[in-house]
Amino acid sequence: MCIQALKGKKGARLGETIVVSVKEALPNGKAKKGNVYRAVVVRAAMQRGRCDGSEVKFDDNACVLVDKQGQPIGTRVFGPVPHELRKKNHVKILTLAQHIA
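Here's what I pulled together on the structure shown here.

Scoring rules and cut-offs
Residues numbered from 1 in each chain as written. Predicted model: local features only at pLDDT ≥ 70, side-chain atom pairs only at ≥ 80, totals over all residues. Heavy atoms only, no water. Pairing = 2+ DSSP bridges. Helix = DSSP H or I, 4+ residues; strand = E, 2+ residues; numbered from the N terminus. Right-handed = clockwise from strand over helix to strand, strands pointing away. Buried < 20%, exposed > 50% of the residue type's maximum accessible area, 1.4 Å probe, protein only. Salt bridge = Lys/Arg side-chain N within 4 Å of Asp/Glu carboxyl O. Core = buried A, V, L, I, M, F, W, Y, C linked by side-chain atoms within 4.5 Å.

Observations regarding the pairing of strand β8 (residues 97-100)
Argument step 1. Both strand β7 (residues 77-81) and β8 contribute to a ladder of three bridges, which runs parallel. From the neighbouring strand, Val81 faces β8, where its bridge partner is Ile100.
Argument step 2. At this point the chain moves from β7, through helix α1 (residues 91-96), to the parallel β8, and the crossover so formed is right-handed.

Details of the pairing of strand β2 (residues 17-21)
Argument step 1. The element β2 is largely enclosed, with a buried count of four among its five residues.
Argument step 2. One ladder, built from five bridges, connects β2 with strand β3 (residues 36-43); its direction is antiparallel. Looking at β3, one finds that Val20 is bridged to Tyr37.

Examining the pattern of salt bridges
Argument step 1. Here the structure, examined in full by the defined rule, presents two salt bridges.
Argument step 2. Across the salt bridge formed by Arg43 and Asp60, the nearest N and O atoms sit 3.1 Å from each other. Of this pair, Arg43 sits in strand β3 while Asp60 is found in the loop between β5 (55-56) and β6 (62-66), placing the two residues 17 residues apart along the sequence.
Argument step 3. When its relative accessible area of 11% is taken as the criterion, Arg43 is described as buried.
Argument step 4. By relative accessible area, which is 35% here, Asp60 ends up partly exposed.
Argument step 5. Residues Glu84 and Arg50 are paired through a salt bridge, measuring 2.6 Å at the closest nitrogen-oxygen approach.

Points about the nonpolar core
Argument step 1. Core analysis: the biggest nonpolar cluster contains 12 residues, these being Ala5, Leu14, Ile18, Val20, Val22, Ala31, Tyr37, Ala39, Val41, Ala44, Val56 and Phe58.
Argument step 2. Among the secondary structure elements, those contributing two or more residues to this core are β2 and β3.
Argument step 3. Here this core gets three residues from one element, more than from any other, and that element is β3.
Argument step 4. If you look at the next biggest cluster of nonpolar residues, it comprises 11 residues, including Val40, Val42, Val81 and Leu85.

Here it is, written out as structure tokens:
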């Protein structure tokens, strides 16, 4: 669950860092339920325009937990990830992703 967008806006868009609270967690995972982390938004249901005129829109909202330096906490990223993350210096998330949209 999103607590706060770090840019000071009301919401967050693709590639932005937010502060989140973990709602569900695996019992043997690194993240525990109720902990507060930083995360990068990798999928958003809101449309976002691209430079070539097309628009990208996903079915759900998703984020990747990161540490204070911006490195991902997990070792895998499920689902598609937009290539706009490369412009925002989240290359490590792109290397972990299964599919780049």
